[in-house]
Structures are given as structure tokens and as C-alpha cells.
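A closer look at the structure
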Amino acid sequence: MIHIGSIFWFAFSRKEKIHSASDIDSETMKLFKTFYHRLLETGVYLGPSGYEVGFISAAHTEEDLNFAAEKICEAVDFTFQQSN
């Protein structure tokens, strides 16, 4: 997970720094697709592309953020289990 302030995005990459969409390996979009669909199934919605960013706002409660964090961790585990 990469973030700048309240803006975040997920990149399944071994690169230490990602500064632009061109830094993202298009092959990792397969992983993002699995991750994205798993999150949808558990009630967390992200933009449907691995090239999009998400935003956290004051409208998100601590409960919302804790729920999303838990589901994101589960979705990461699920994604890597499916890729092996």
C-alpha cells in the first residue's frame, strides 16, 4: 500500500518507490483483479483499476477504517494464496 496523506493505492510490486502509473508492472494487474474482487465480496469497494487511487475522508468512521483494514489484510492473504 502506497500513500500520500489521505490518498492511497495498492501496487503488487517489488519496487520500493512508485511515482507514476508507468512504474507499475502491468503483469501485477492479475493480482489486483483477484484482490479487488475479494474486497467486493467482503463489502469493501475500491476503484476497479490498479491504476486508481483511493481517498480517506472525515466521513469514514474509525469503525469503517478498522473494518476495511481487516478485510484488506484478509484479501491480501487470499490473493497470494490464489496466486500459488
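What counts and how
Residues numbered from 1 in each chain as written. Predicted model: local features only at pLDDT ≥ 70, side-chain atom pairs only at ≥ 80, totals over all residues. Heavy atoms only, no water. Phe/Tyr/Trp six-rings, centres within 6.5 Å; stacked < 30°, edge-to-face > 60°. Buried < 20%, exposed > 50% of the residue type's maximum accessible area, 1.4 Å probe, protein only. Lys NZ or Arg CZ within 6 Å of the ring centre and 35° of its normal.

**Let's talk about the packing of aromatic side chains**
All told, the structure shown has seven aromatic pairs when counted by the stated rule. Taking the centre distance of 5.8 Å and the plane angle of 75° together, the rings of Phe8 and Phe10 count as edge-to-face. The class of Phe8 is buried, set by a relative accessible area of 12%. Following the ring pairs from residue to residue traces out a cluster consisting of Phe8, Phe10, Phe12, Phe32, Phe35, Tyr36, Tyr45 and Phe80. It is Arg38 that lies over the ring of Phe78; its NZ or CZ is 4.3 Å from the centre.

Limitation: the analysis is restricted to geometry and does not speak to function.
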